[in-house]
Structure formats: structure tokens, C-alpha cells
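Spelled out, the chains give:
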Amino acid sequence: MLVAIGECMVEIAPAGDGNYKFGYAGDTFNAAWACRMLSPADDAVRYATAIGTDWISDQLLEFMAGSGLDLSSVTRNPARSVGLYAIKLEDGERSFAYWRSGSAATALADDPGLLESSLRGANQALFSGITLAILPQDGRDNLYRALSKARDNGTRIILDPNYRARLWPSADTARAELTRFSRIANCVLPSFSDEADLFGDTSPEMTADRFTDLGVDEVIVKDGPAPALCAWDGHRAFVPSITVDTVVDTTGAGDAFNGAYLAARSQGAVPSAAAAFAHEVAAISVQTRGALIPRDTRQRITSQPQ
Ligand SMILES: Nc1ncnc2c1ncn2[C@@H]1O[C@H](COP(=O)(O)OP(=O)(O)O)[C@@H](O)[C@H]1O
Ligand SMILES: [Mg+2]
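The chain is annotated in an unreviewed UniProt entry as Sugar kinase of Lichenicola cladoniae. Per UniProt, the chain carries the Sequence similarities (unreviewed entry) text "Belongs to the carbohydrate kinase PfkB family."

Caption draft 1: Broad picture of the layout of surface pockets. There is about 320 Å³ of room inside the second largest pocket. In terms of lining residues, the second largest pocket is bounded by 16 residues, among which Glu11, Lys21, Gly23, Arg289 and Gly290 are the most central. Contributions of two or more residues to the lining of the second largest pocket are made by β2 (9-14), β3 (20-25) and β6 (84-90). When residues of the lining of the second largest pocket are assigned to their parent elements, the largest contribution, 5 residues, is made by β3. Its residues placed into classes, the lining of the second largest pocket shows 10 nonpolar, 2 polar and 4 charged.

Caption draft 2: Representation of the side chain of Arg140 within the structure. In this structure, Arg140 sits in helix α5 (residues 137-152). Assessed through its relative accessible area of 4%, Arg140 is described here as buried. Among the polar contacts made by the side chain of Arg140, one reaches the main-chain carbonyl oxygen of Leu132 at a distance of 2.8 Å. In this structure Arg140 touches Leu132, Ala133, Leu135, Trp168, Pro169, Thr173, Glu177, Arg180 and Phe181, once residues within four positions along its chain are discounted.

Quick notes on the rules
- Residues numbered from 1 in each chain as written.
- Chains lettered and ligands numbered in written order.
- Predicted model: local features only at pLDDT ≥ 70, side-chain atom pairs only at ≥ 80, totals over all residues.
- Heavy atoms only, no water.
- UniProt positions renumbered as here; feature names shortened; annotations may be inferred.
- 1 Å grid on protein atoms, 1.4 Å probe; cavity = no way out; pocket = protein on both sides within 12 Å on 5 of 7 lines; lining within 4 Å.
- Points joined across faces, edges and corners; volume = space filled by probe spheres on them.
- Helix = DSSP H or I, 4+ residues; strand = E, 2+ residues; numbered from the N terminus.
- Nonpolar A, V, L, I, M, F, W, Y, C, P; charged D, E, K, R; others polar.
- Buried < 20%, exposed > 50% of the residue type's maximum accessible area, 1.4 Å probe, protein only.
- Polar contact = N/O pair within 3.5 Å; in protein donor to acceptor, adjacent residues only side chain to side chain.
- Contact = heavy atoms within 4.5 Å.

The following block contains the structure:
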């Protein structure tokens, strides 16, 4: 079982007719969704988050339930509601506006006991730099302890640093926290552009080296349409992506990659094969509007996850 921990928000997106429609997305949720769509039915994928008790939180919960995710670790906070973002589309360019500070998910790590129970029984636990950025320092410290304990109990800890400058109090805090959490991660799934922004890396090799030096034994550096650098157990391989003629929307491509990668790994694929499978899924993601991969993705790809 994979457990993903983070925030799923309500999205307000242009419907194409001058009106807007609701959607639901968030990096760790997008990855959990992809993993659910690409895993055998008997392999559970759990999403751990906190939402409110109002109608829009109900609506979000209903949507998540429709994906087949295990929602036993979704907690309800009557004092808060869910985060929200709106998309503006202009000449194919998307701009985002967010209302997420003080969302229910920012309190998801307030209770160490709940965190611990959400991780119980997990082979893999995924969180991201966005999960960390939205938490208060106490929440981050609780999550750190819970993940360390889970790792000691045999859970593989997976981090996508997903650096978003505006969510962090400062770049120094982001660097310090992402470095601290990387040291307890077994696997890190960064995107090169984020790492170049935050750490000044000048090549994917430099990114892989930095995480390897922190003790991470499996690093996959995504790099948009460029090959992904896979570094594991002393191996290094560049795995090429799929060429896509018409890119429709790259939102969530990295998240889809993560979910597919982890689904393939838990079905026995080695990192380079899992990355090749993840590229196929991410290629479908960039040809699809929105952050979530289509429900029929599995049928649309030719290769097996292992
Ligand atoms: N233009 C593209 N053509 C084909 N695949 C792409 C393209 N952009 C992204 N991808 C796929 O999405 C994955 C993640 O992209 P990337 O931009 O690195 O991550 P993120 O979406 O997190 O910023 C890539 O490894 C690749 O598989
Ligand atoms: Mg990303």
C-alpha cells in the first residue's frame, strides 16, 4: 500500500464557454490518483489529508471517493475549509490564483497519533515539498518524526521536493527543510528546474549527486521533455521521455510521473523501467487538460508497468 500525504484543493477552471467549473487537484493527490489508476485493484492507495465539514469539503470527499482511494485517513476539521485555486487561460498560458493559507490541510500534521495511524501498514509513503511548505513548523516536526518512525518500521519514504517559492517563508527555510527531509527519504523524485531554482544546480547530474550524498539510494531527476536521470544503487541511466507533438497542458505531469513510477516500482519494475513507464503516463498527462490522468490511461499505454 502507498500512502500519499498532502493537500487536495478545489479548482475553478475555465469551462471554455466563459463559465467556470469545479475540479479537484493537488500534487500529492494527483500522484495518488495516478497510482490508483495504474495499480492492481487489491493494492490499496491511501490519501491522507484534512478537510472541513462544509458542503464543499463534502463535495471534494465525494470526488476523491469516486477514484477508489482509501480515505480512512482523511480527517474533518469543523473550524476550517479546503484550499481553493482559480485558473485563468490567456493565449494558452495558464495563470493561477490561490486561497489556501489556513486551509484544513495546513493542520493535517497537528495530531502525531493520527499521522502515525495514517502511515500504519504502508510499504511506501509519498509526501512533497508542498506538503512541507503549507505546514507550520510544529506540523513539519510531527511529520518528520512520524516518517522517521515509519522508515524504521520498513516503510519506504518518498519525497518530491516540488519547490514553490511563494509557499515557503524563505528560500533558506525551504533548503533547510528539504535537506532535512531528504536525509530520511529512501527515494527522491525531483524536477530539475525546481532544483536549479532553489539550489542553483546546473545539471541533472548535480541534482542526483546532491541527493545521493544525503544518503538517498534512489533518485529520479525529471526534466520536462528531456530524459530523466535515474540514479540508484550505484547505477546511472538517462531514460528518454516520449515525444509529444501537441502539448495541451503540462499541469500535473510530474505528479502523474510520480504516481506511475511508484505503481511500477511496487509491481517489481527496476527504477529505469519504472521511469520509462512513468514517461508514457506523463506523456498522456501533457496531452490532457487538467492535473489528473484520464481513467482509461492504463488501456491507452502499450507497455506493462514491469
Ligand atoms: N513537453 C513534454 N513532452 C513530453 N513529455 C513531457 C513534456 N513535459 C513534461 N513531460 C513529462 O512529464 C514529466 C515531468 O515533467 P517536469 O516538467 O519535469 O515535471 P513537473 O510537471 O513536476 O514540473 C517528464 O519527465 C516527462 O515524462
Ligand atoms: Mg513537479
